[in-house]
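# Architecture and fold: a report
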Amino acid sequence: MDLKRWLLALVVLLGLWGPISAAPANAALPPGNAVKDPTAILRNALPIDAPDLQELQHRLESTSDDLRAKRWSALTTTARRSQTLLSSKREAILKSLPSSDQAQGSALLDRLETQLQEVAAATEVRDRDSFLEARRMALSTIGQLEALLVGDFPFEIPAEYSDLPRLLGRATVEIETTQGTVIAVVDGYNAPLTAGAFVDLVQKGFYDGLPFTRAEDFYVLQTGDPKGPETGYIDPKTKAERTVPLEIKVPGEAEPFYNATFEDLGQFTAQPVLPFATLGTLGWAHSDEALNDGSSQFFFFLYEAELTPAGLNLVDGRYSAFGYVVDGFDVLEELGIEDGIVKAKVIEGAENLQAHA
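Predicted model, so just to flag it, every value in this text is computed and none were measured.

Turning to the nonpolar core, a few remarks are in order. Residues V186, F198, Y207, W284, F298, F300 and L332 are the most contacted members of the largest nonpolar core, which totals 60 residues. Of the residues forming this core, the biggest block, 7 residues, is contributed by helix 8 (residues 192-203). Excluding residues that lie within four positions of it along the chain, L332 makes contacts with V182, L221, L279, G280, F300, L302 and V325.

Right, let's talk about the environment of L53 for a bit. In this structure, L53 sits in helix 3 (residues 51-61). Note: C-alpha distance between L53 and E146 (93 residues apart in sequence) is 7.2 Å. The contacts of L53, once residues within four sequence positions are left out, are I93, I142, L145, E146 and L149.

Looking at the chain as a whole, its pLDDT mean stands at 89, while 88% of the residues score no less than 70. Contacts of residues 6-19 to residues separated by more than four positions or lying in other chains number 26 contacts, the stretch itself having pLDDT below 50. Per-residue pLDDT stays below 50 along residues 23-34; that stretch engages in 51 contacts with residues further than four places along the chain or on separate chains.

Attention now goes to the packing of aromatic side chains. For the coordinates displayed, the defined rule picks out 18 aromatic pairs. For the pair W284 and F322, a centre-to-centre distance of 5.7 Å together with 80° between the ring planes defines the contact as edge-to-face. Taken together, the residues span a long stretch of sequence, with W284 in strand 8 (residues 281-284) and F322 in strand 10 (residues 320-327) at a distance of 38 residues. An identical accessibility class is assigned to W284 and F322; each is buried. An aromatic cluster of at least three residues, connected via ring pairs, comprises F198, F206, Y207, F212, Y233, W284, F298, F300 and F322.

Further remarks concern the packing of helix 3 against helix 5 (residues 72-96). Their axes nearest at 10 Å, the elements helix 3 and helix 5 cross at an angle of 165°. The angle between helix 3 and helix 5 places the two elements in the roughly antiparallel class. Judged by the sense of rotation from one axis to the other, the crossing of helix 3 with helix 5 is left-handed. Counted together, D52, L53, E55, L56, R59 and L60 of helix 3 and T78, R81, S82, L85, L86, K89, A92 and I93 of helix 5 form the full contact between these two elements. A class-by-class count of the residues in the contact of helix 3 with helix 5 yields 7 nonpolar, 2 polar and 5 charged.

On to helix 5. Along its 25 residues, helix 5 runs 34 Å from first to last C-alpha, staying within 8% of the 36 Å computed at 1.5 Å per residue. The principal kink in helix 5, of about 55°, is found at K89. Within the sequence span of helix 5, burial applies to W72, L75, T76, T78, A79, S82, Q83, L85, L86, R90, I93 and L94. Of the surrounding secondary structure, the elements contacted by the buried residues of helix 5 are helix 3, helix 4 (63-68), helix 6 (102-124) and helix 7 (128-148).

To continue, consider the pattern of salt bridges. Enumeration according to the criterion identifies 16 salt bridges in this entry. Here E61 ties to R43 by a salt bridge, and the two come within 2.9 Å at their closest N and O atoms. Of the two residues, E61 is situated in helix 3 and R43 in helix 2 (residues 38-44); the sequence distance between them amounts to 18 residues. For the salt bridge of D187 with R170, the shortest nitrogen-to-oxygen distance reads 3.3 Å. Remark: R170 occurs in strand 2 (residues 170-177) and D187 occurs in strand 3 (residues 180-187); sequence separation between them is 17 residues. Each of the two residues, D187 as well as R170, counts as buried. Among the ionic contacts, a cluster of salt bridges with common partners joins R90, D110 and E113.

Another aspect to go through is the packing of helix 3 against helix 7. For the pair helix 3 and helix 7, interaxial distance at closest approach is 10 Å and the crossing angle is 155°. Considering their axes alone, helix 3 and helix 7 lie roughly antiparallel with respect to each other. The way helix 3 lies across helix 7 gives a crossing that is left-handed. The segment helix 3 lies against helix 7, with L53, Q54, L56, Q57, L60 and E61 engaging R135, A138, L139, I142, L145 and E146. Its residues assigned to classes, the contact of helix 3 with helix 7 comprises 7 nonpolar, 2 polar and 3 charged.

In this structure R170 comes out as buried when scored by relative accessible area, which is 18%. A distance of 2.7 Å separates a polar atom in the side chain of R170 from the backbone oxygen of L42.

Quick look at the sheet that holds strand 9 (residues 298-301) now. Two pairing modes exist for strands in a sheet, parallel and antiparallel, and in both the strands are linked by backbone hydrogen bonds. With respect to topology, 8 strands assemble into an open sheet ordered 4-5-9-8-10-3-2-11, the strand pairing being antiparallel. Each end of this open sheet is capped by a strand with a single partner; those strands are strand 4 (214-216) and strand 11 (341-348). Across the sheet, the mean angle from the axis of one strand to that of its neighbour is 25°, orientation sign disregarded. With 4 bridges connecting them, strand 5 (residues 220-223) and strand 9 associate as antiparallel partners. Each residue of the ladder has a partner; that of L221, found in strand 9, is F300.

Rules of the game
Residues numbered from 1 in each chain as written. Predicted model: local features only at pLDDT ≥ 70, side-chain atom pairs only at ≥ 80, totals over all residues. Heavy atoms only, no water. Core = buried A, V, L, I, M, F, W, Y, C linked by side-chain atoms within 4.5 Å. Buried < 20%, exposed > 50% of the residue type's maximum accessible area, 1.4 Å probe, protein only. Helix = DSSP H or I, 4+ residues; strand = E, 2+ residues; numbered from the N terminus. Contact = heavy atoms within 4.5 Å. pLDDT = per-residue confidence, 0-100. Phe/Tyr/Trp six-rings, centres within 6.5 Å; stacked < 30°, edge-to-face > 60°. Axes fitted to C-alpha atoms, helices over the stretch in contact; angles between N-to-C directions. Parallel < 35°, antiparallel > 145°, perpendicular 65-115°, else oblique. Left-handed = near helix turned anticlockwise from the far one by under 90°. Nonpolar A, V, L, I, M, F, W, Y, C, P; charged D, E, K, R; others polar. Expected span 1.5 Å × (residues − 1). Bend = angle between axes of the 7 residues up to and from the residue. Salt bridge = Lys/Arg side-chain N within 4 Å of Asp/Glu carboxyl O. Polar contact = N/O pair within 3.5 Å; in protein donor to acceptor, adjacent residues only side chain to side chain. Pairing = 2+ DSSP bridges.

Here you go:
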């Protein structure tokens, strides 16, 4: 670790940084998380109960340790067992899908069988690159199957927020920046109001042409501060700033907590469904003074594994995460205070946005 990173890590360990806010402020870093792949986090965050598919998913995801250690015999065993599991559970998986989706599900299962054969073949010839690509494709197919199992939106949003937009599902957003394009998946299943506010503003063109107003190496890249004296989005109907509550969902809970940090709730060891655990986590900014005054400013979390020691989680449970960058990480790492957003647009899932209840 170089001197700059060592000093930054020391600051974090001493707890000298304050929270992220809509205005420039000091900041804190969370610890590392066992799951750092954004696509894996998104799969795990789906509101489904699909033990067979999820067992298959987790088996493939767990091969990373064996791959790093070059335990090829163990990888071959896992690949073959995964094939056996799919063969034995295929009919049950197919029957668990809605009848209207079973034809698509059958085609996906056929594809998955072929992909698992490719995973196994790669382990037998000990081809790391082929294994990684085959595993990536298999996990993508599993994710598509799992998405077919999502039924009605899983909870009621509190009536006090009925006038706010909400994303009842997921959306994919393309963000063109001065350095290139990044793609992010926004998750309304677990942060419907935060994701809804973001997608609504993207649809309005609010972020187009805005600069990054805060850039800290290994920490955050923030934007969304409109031109002029305002610090957030002014609703043209009410002539007032539209604000969004702090919104965090915890595994096992039926719905998110609103306007309460983990400290407030006494859940000091809790992990959110959407953790700040990977490069490009999307977070919603709020001020130092309140939890419910976030309006339009958001940040990309610039995850740095060396600076996120386990047990020191100072962002999860204090800010709403609402999605993840899934492509364009090289662009994200090049962005700085001199850059900005050229244009943002929804390329998938726009139909999941509702203007209000």
